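# Close look at the chain arrangement
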Amino acid sequence: SVASVDDKGVESLFSREWMVVTGVDKTATQQNLDLLQNRPNPADEATIISVKVNNFFSYKEAFITITDIAGKEVKRIPIVLKPGVNEVLYDHGYNMAGTYIYTLVVDGKPQQSKKMQFIN
């Protein structure tokens, strides 16, 4: 938005505001899902990864892929997506210290990713 001030200090009305989003292709699936932050704390031997599904939608395959910071897949966990909160347990054991990325994949398309850290 842009406004101007005249020589008497009177401010004009703001111009019409335009928003342009580029490079983002939000599908109906992405808008229907929320990948939540893993829990509990990073010192445990296992963590829960949750996905909130706002409305029913059809899909063939869904899974959580866990990769190390270099992008190498460490684990793939299938998940059933139904309305509400859906959870999977990732039992990584001890001695897995580091930063990892987990991604929700539906029908071969990555939907959302989050970072998680382990300190054990």
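Within a sheet, each strand pairs with its neighbour through backbone hydrogen bonds, oriented either parallel or antiparallel. Pairing in this open sheet of four strands is antiparallel, and the strands run 4-3-6-7 from one edge to the other. The outermost strands of the open sheet, each flanked by one partner alone, are strand 4 (73-78) and strand 7 (109-118). Averaged over all adjacent pairs, the angle separating strand axes in this sheet is 20°, with direction ignored. In terms of strand pairing, strand 3 (residues 62-68) meets strand 6 (residues 98-106) through seven bridges, oriented antiparallel. Note on strand 6: the bridge partner recorded for Ile-66 is Tyr-102.

Turning to the sheet that holds strand 2 (residues 46-53), a few remarks are in order. Taken together, three strands build an open sheet; the order of strands is 1-2-5 and the sheet is antiparallel. The sheet is open, and its two borders are formed by strand 1 (33-35) and strand 5 (84-91), each paired with just one other strand. Shown here is a sheet whose adjacent strand axes are inclined to one another by a mean of 20°, direction ignored. Two strands pair when backbone bridges link them, and strand 2 and strand 5 are joined in this way by eight bridges, in the antiparallel orientation. By the bridge assignment for strand 5, Val-51 is matched with Asn-86.

Rules of the game
Residues numbered from 1 in each chain as written. Predicted model: local features only at pLDDT ≥ 70, side-chain atom pairs only at ≥ 80, totals over all residues. Heavy atoms only, no water. Pairing = 2+ DSSP bridges. Helix = DSSP H or I, 4+ residues; strand = E, 2+ residues; numbered from the N terminus. Axes fitted to C-alpha atoms, helices over the stretch in contact; angles between N-to-C directions.

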